[in-house]
Every structure is written in C-alpha cells, then in structure tokens.
Amino acid sequence: MLRARIWSRLARIATCVSSGTIQAALDFKSGDEYVETTSTEVSSKYESSVSDCEDSSSSDAPVAGRGIQFPIELWRVIFEMAGEDANKDTTRDMLSILYTCTSFKLEVENVLYRRVSLTRNVSQLHAFCSSISQGPWRAAAVQSLRLYMPDLRQEDDTVRGLLQKLVNLDDLHVQGLGNPQAIFVDSPFQLRTCRINWDAFLDIHVVDEDVPEPLPESEHTNPPPLVKRAFLTPLKTLTLTRPTSHIWEDTHTLFRNCRSYNITHLNLVLVPSRSIPITALRVLGEQLVSFRMSLGRAGWGSTSAMYQALSLWPTRLLHDVSLPHLKHLEIGEELPRAHYDPAADKTRDQLMEAEKWSESCPAIETFIWRPGQYHASLAAGEGESWYFYALHDFGKALFKEWPTLDRFERLRLKGEMDHGEDGAAAAPYIALVRRDDGRVAESAPVYDDELWRRA
C-alpha cells in the first residue's frame, strides 16, 4: 500500500514537472477536496475537466514532452504501480493523472478500465456501454467485470452487446441474468475466473436445441457426453452462488460438465444440502487445489430446506473422497438454526471417525472451519464441558492425521473470550499452527475471504 501511494505521488509530480506545472504538484493535496469518480463517469468527467489543459497546449505553452522527458515505458510502470490492486485510491489517483495531461489518456485509461464494477442501476450500465462505444480501446482494456444490479434480467440484449465487446475479459462476476445461454453464445473472451449463479451456470450448459437430447443416463451404457463452452476453456476458479430452484437432480450433471474444464479452485456459496458439496468433491476431487463452501437455506418454496447435522465434525464431508492435490479446505456451517442431538453420538472417537477422512487430503496445508450455531449452543450449555475437551481433541487429531497440515483456523464461538488480556477485542478466528519443531501452538489468525483464491 505504501509503495503504491509513493508511486502515485511520483506520478503526479512527474506529470506536472513534464508539463511545466511543478507548482501544481507541490500544491496538490491528498484528495480532501477530490470527488471520487467511477470508471463509468470517466469519459464525461474527462471531457469537461481537461479542456483547460487542451486550450493551454498552444505553440508557446508548456506541454508534455518539453522540459524533463520520461520514456513511455517509465510512465507505464508509474501508472501500473498507481493502479495496482493494493492501492485503494486507484480511481482517484489515475483520474488525477488523466486530468493533468491529455497525452496520457490512452495509457491511463488502459489501467482505469481494467477492473469495472457495475452494481448501482441500469443507468450506470447504459452509461458504461456508451463510454466504451465512444472509445473502443476502453473495451479492450477491461479484464475484470462485476455485473449485478436490480432489473438486470430485463437487459439481456444490452448485456450481450456489452460482453461481445470485451475481448480481453478473463474475470467475470455476474448475477441476475434473464437468459444466460443466449447472452453468452459466441462470447469472444476466455474466462479464467467466474462467479455466477448456480442456475445460470446450468443454463449455459443446456444442450443446444439443434442437438438431439441424449437419452437418460439409465438408458446409456456410458454417461451422456459432456457439454463444454469455448469461452470457459481456460476456467480455473469457479464460484457458484445460491441456487434459486430445485437443483438436486441436476447436481451430478453440473459437476460432470465442470470436468470439461481444469477447475482447480471451487467455491460453493449457500448450498442447501450436504449432498451437493459431497458430489462436487467426488466428481472433481482429482483436480481441486482449493475448495470453499458455505451451507445455507434453499431459496424456494414456502418451506426452507435446512442442513441436518449428521455429525459434530465437518470432516464427515471428506468420508470416502480422494483429494490428492487439495491444499486449502474451507467449510462454513453458519446457519440461523440447525439440529444436532449429542445423545445420538456415543463417543468422541466415533464422532471424529478419523480413519474415514485421514487419507483424503494427503497434501492439505490449510483448513478453515466456521462452526454452525449448534456448536455455540453446546459450548454455552450447562454441564457440557465435554464439548471443549472434544473440540481440543479434534484440533489435535487434524494435525496428527494430516502430517502436511500447517494451519487450522476456526471461527471463535460465542462467549469464547470476547476480549484479550489487554482488553482489546479478540480476533474473530482462533488459529493453530505447526511450528518448525513440529509442535502445534496457537498463533495469530491470518484468514481473509480471498485466502482460498491464493492457494
């Protein structure tokens, strides 16, 4: 972050030096009076804000290229540093450079339009489409797009027209499409990362109407052929968000189609049944490096389908699956309510059933667990001290059964030491790590929502 701020400051100074307006650089403040602008507003803001600079570019006025000159390669390095992900002020910094000199327009917009977020309303979507129509290089610059807003379902033609122009797009997060298959047909880009609603991903892989429907699997000697879409050929990272229809009967088909791609990082958000991630692991387990999931309610019907806790420990998910390359495992069981009857389980050893999951992840390095609310109930219940002994034994068992495990972090249960010894609020996660000498000890947690992507 510090490096980005230094380079962005250098960019502002260097710009002003090159254009002969060094005083502007010295007088520039960190943005107290600056109005933050989104990428969709760049075109209109740019036209109105740089008119003075254009007017001053007469034959006797100082312009970029006079005085101190930097090669374009150096400028590109400066712009890249100011626009890197770690800099939270990327938009502001890049616009300040853009407003300084019109000569930088193309290079700066290549950085400014690299990551686009359209999440406000349909008017924002239309404004962005107009912007890239006026400047085709802007469309070519877009590599990452977040697209979700109210009423997006009514804008299928607009969305399809937009996506047809984003030839270099490789990271797409989208929700709320009306007809995904029609929108993505003949898409020119190649996605490496995709976050999409479960139902939309299914729709994309529906067999084309002009292709005869395959017979039911029960009538096949072999399973039906897989459906593969060209724009997903390089797909590595896939997030499937909460399903909105009954999908149990399609689960196996969906994950079989996922095998058409070399997906190594899979994230299942708010799945309503344990059977869904189990199917995913059994079908895709051989290729996964990182797996993240969270259990939740189904979003249909008058009755919410609830996850039934069949076991106290999350490792039950790993029974009879093989994940030879998996390094990161993250299981979230946060729910408003769930059902667990400790009287139905006889001993802690049977609860863990280590012999059924110990060989499932021979390369595992990180395990993240967010226990369900029934764990908090057990921890707070009277006469339930056995639970904390069991929880302690579970942590020990993980490091014993998984020799490659370096870190285990779990969400702190309600009432588990809300404040540290110094009175400061305790970290939301509790972490155990394997030290260099092989011993397991508590450590500072490092969890963040993007950890699974970096595995």
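No experiment lies behind these values; they were computed from the predicted model shown. (Residues numbered from 1 in each chain as written. Predicted model: local features only at pLDDT ≥ 70, side-chain atom pairs only at ≥ 80, totals over all residues. Heavy atoms only, no water.)

Draft legend 1. Structural detail: the sheet that holds strand S1 (residues 115–118). Spatial strand order, S1-S2-S3-S4-S5-S6-S7-S8-S9-S10-S11-S12: 12 strands in an open sheet with mixed pairing. Every interior strand has two partners, whereas the edge strands, S1 and strand S12 (440–443), have only one. Averaged over all neighbouring strand pairs, the angle between strand axes comes to 10 degrees, with direction disregarded. Note that strand S11 (residues 429–434) and S12 share 4 bridges and pair antiparallel. Note on S12: the bridge partner recorded for Arg 434 is Val 440. Sheet strands touched by helix H14 (residues 275–284): strand S6 (265–271) and strand S7 (290–295). Its angle to S6, the strand with the most contacts, is close to 165 degrees. (Pairing = 2+ DSSP bridges. Helix = DSSP H or I, 4+ residues; strand = E, 2+ residues; numbered from the N terminus. Axes fitted to C-alpha atoms, helices over the stretch in contact; angles between N-to-C directions. Contact = heavy atoms within 4.5 Å.)

Draft legend 2. Layout of the confidence of the model for the protein chain. Within the protein chain, residue pLDDT values average 76, and 68% of them lie at 70 or more. Confidence drops under pLDDT 50 across residues 210–215; counting only partners more than four residues distant or on other chains, this segment forms 6 contacts. A low-confidence stretch, residues 299–310 stays under pLDDT 50, and its non-local contacts, those more than four residues away or across chains, total 31 contacts. (pLDDT = per-residue confidence, 0-100.)

Draft legend 3. Broad picture of the pairing of S7. Counting buried positions over the 6 residues of S7 gives 6, a clear majority of the element. Of the two faces of S7, the one lined by Ser 290, Arg 292 and Ser 294 and the one lined by Phe 291, Met 293 and Leu 295 are each fully buried. For S6 and S7, the ladder comprises 5 bridges, and the chain directions are parallel. Looking at the pairing, Asn 267 lines up with Arg 292 of S7. The parallel pair S6 and S7 is bridged by H14, and the resulting crossover is right-handed. Of the pairings in the sheet, the one linking S7 to strand S8 (residues 328–332) comprises 5 bridges and is parallel in character. (Buried < 20%, exposed > 50% of the residue type's maximum accessible area, 1.4 Å probe, protein only. Right-handed = clockwise from strand over helix to strand, strands pointing away.)

Draft legend 4. Spotlight on unusual backbone geometry. Even without a glycine there, the phi angle at Leu 270 is positive, about 55 degrees. Along the chain, the position of Leu 270 falls in strand S6. The class of Leu 270 is partly exposed, set by a relative accessible area of 30%. The backbone of Asp 320 sits at a positive phi, close to 60 degrees, despite the residue not being glycine. Mapped onto the fold, Asp 320 is located in the loop between S7 and S8.

Draft legend 5. Highlighting the packing of aromatic side chains. Counted by the stated rule, this structure contains 12 aromatic pairs. Aromatic side chains Phe 367 and Phe 408 sit 5.5 Å apart centroid to centroid with 25 degrees between the ring planes, which places their arrangement in the stacked category. In this pair, Phe 367 is assigned in strand S9 (residues 366–370) and Phe 408 in strand S10 (residues 407–411), connecting sequence segments 41 residues apart. Across this residue pair, the class does not change: Phe 367 and Phe 408 are buried. Here the aromatic residues Trp 313, Trp 357, Phe 367, Trp 369, Phe 394, Trp 402 and Phe 408 are joined through ring pairs into a cluster of three or more. (Phe/Tyr/Trp six-rings, centres within 6.5 Å; stacked < 30°, edge-to-face > 60°.)

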